[in-house]
Amino acid sequence: EVQLVESGGGLVQPGRSMKLSCAASGFTFSNYGMAWVRQAPTKGLEWVATISYDGSSTYYRDSVKGRFTISRDNAKSTLYLQMNSLRSEDTATYYCTMGLFDYWGQGVMVTVSS
Amino acid sequence: DIVLTQSPVLAVSLGQRATISCRASQSVSISSINLMHWYQQKPGQQPKLLIYRASNLASGIPARFSGSGSGTDFTLTIDPVQADDIAAYYCQQSRESLTFGSGTKLEIK
């Protein structure tokens, strides 16, 4: 059974940094691209970033380019999202997803507020 | 970016057919491949893949769910609707970057 478990969220001040992690199990992690998708409170879904199966290629939505970095450790079956220079508009539940959103984790809340 | 437009709310009676539409601002099809996908999100839960490439049922999804469409117009059909289907439904395209529709909330009449 595919399992994706996010961690690392919480309350952070504007301009500060936070790193999210996603522990994957139940599939061969190193064979799949992975992505982060977020959902602001009471809003819809928004793709954030994607990384290829081997980490050689990464893609970002414009609003996070230069601030967020997606990465992975295939030896640990773990996906990461480093978020710098956080803004209030980054407040959302962040979901870790496998492949082209085939499976989703339960999500982790990130609140950017002073 | 390709914009996907969905109606905010759809109300149907239990046992009836629900038809949820999604219109793209430009074609999301390449040759015969329709790069449109559908997700279900129940209250307080993460989204779940229902349909991929417009008409293919994802693993474990009941046959009451089906998808159709091509080019710019796509449809998710639930027939018959059950109480457990109360959720928000999102379309998503992968033709150019990755964008989601704003979602349709399915309500029971």
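Here's a quick rundown of the structure. (Residues numbered from 1 in each chain as written. Chains lettered and ligands numbered in written order. Predicted model: local features only at pLDDT ≥ 70, side-chain atom pairs only at ≥ 80, totals over all residues. Heavy atoms only, no water.)

1. A few points about the state of the cysteines
Thinking step 1. What the rule picks out here adds up to two disulfides over all chains.
Thinking step 2. A disulfide bridge connects C22 of chain A with C96 of chain A, and the sulfur atoms are separated by 2.1 Å. The S-S bond linking C22 of chain A to C96 of chain A shows a torsion near -70 degrees; that makes this disulfide left-handed. One end of the pair, C22 of chain A, is in strand β3 (residues 18–25); the other, C96 of chain A, is in strand β9 (residues 92–98), with 74 residues separating them in the sequence. Of the two residues examined, C22 of chain A and C96 of chain A, each falls in the buried class.
Thinking step 3. Disulfide pairing places C22 of chain B opposite C91 of chain B at an S-S distance of 2.1 Å. Torsion about the S-S bond of the C22 of chain B and C91 of chain B cystine: about 70 degrees, corresponding to right-handed handedness. In this pair, C22 of chain B is assigned in strand β3 (residues 18–24) and C91 of chain B in strand β11 (residues 87–93), connecting sequence segments 69 residues apart.
Thinking step 4. With relative accessibility at 0%, the residue C91 of chain B sits in the buried group. (Disulfide = S-S within 2.5 Å. Helix = DSSP H or I, 4+ residues; strand = E, 2+ residues; numbered from the N terminus. Buried < 20%, exposed > 50% of the residue type's maximum accessible area, 1.4 Å probe, protein only.)

2. Notes on the sheet that holds strand β10 (residues 73–78) of chain B
All names here are of chain B.
Thinking step 1. Across the sheet, which stays open at both edges, the four strands sit in the order β1-β3-β10-β9 with antiparallel pairing between neighbours. Looking at strand neighbours, the two that pair on one side only are β1 (4–5) and β9 (65–70), the edges of this open sheet.
Thinking step 2. Taken together, the two bridges between β1 and β3 define a ladder with antiparallel strand orientation. Opposite T5, over in β3, you have R23 as the bridge partner. (Pairing = 2+ DSSP bridges.)

3. Looking at the interface of chain A and chain B
Thinking step 1. Contact with chain A, which involves 15 residues of that partner, is made by 13 residues of chain B.
Thinking step 2. Both faces considered, chain A and chain B share a buried interface measuring about 1,200 Å² in area, 65% of it formed by carbon and sulfur atoms.
Thinking step 3. Breaking the side of chain A that touches chain B down by element, the ones donating at least two residues are β4 (34–39) and β5 (45–51) of chain A.
Thinking step 4. The leading source of residues in the side of chain A that touches chain B is β5 of chain A, at four residues.
Thinking step 5. Here the residues of the side of chain A that touches chain B sort into seven nonpolar, five polar and three charged. (Contact = heavy atoms within 4.5 Å. Buried area = accessible area lost by both parts, 1.4 Å probe. Nonpolar A, V, L, I, M, F, W, Y, C, P; charged D, E, K, R; others polar.)

4. Examining the side chain of T91 of chain A
Residue and element names in this part refer to chain A.
Thinking step 1. Relative to the elements of secondary structure, T91 occurs in the loop between β8 (78–83) and β9.
Thinking step 2. Of note is the side chain of T91, whose polar atom sits 3.0 Å from the backbone oxygen of S88.
Thinking step 3. A polar contact is formed between the side chain of T91 and the backbone nitrogen of V112, at a distance of 2.9 Å.
Thinking step 4. What T91 contacts, discounting residues up to four positions off in sequence, is A40, P41, M109, V110, T111 and V112. (Polar contact = N/O pair within 3.5 Å; in protein donor to acceptor, adjacent residues only side chain to side chain.)

5. Description of the sheet that holds β3 of chain A
Residue and element names in this part refer to chain A.
Thinking step 1. Ordered in space as β1-β3-β8-β7, the four strands form an open sheet in which the pairing is antiparallel. Strands at the two margins of the open sheet, each flanked by one partner only, are β1 (3–7) and β7 (68–73). In this sheet, neighbouring strand axes are inclined to one another by 15 degrees on average, regardless of whether the strands run parallel or antiparallel. (Axes fitted to C-alpha atoms, helices over the stretch in contact; angles between N-to-C directions.)

6. A word on unusual backbone geometry
Thinking step 1. With an omega dihedral of 0 degrees, the bond running from D79 of chain B to P80 of chain B counts as a cis peptide bond.
Thinking step 2. Inspection of the secondary structure assignment puts P80 of chain B in the loop between β10 and β11.
Thinking step 3. With a phi close to 50 degrees, S85 of chain A is a non-glycine residue in the positive phi region.
Thinking step 4. Checked against the element boundaries, S85 of chain A lands in the loop between β8 and β9.

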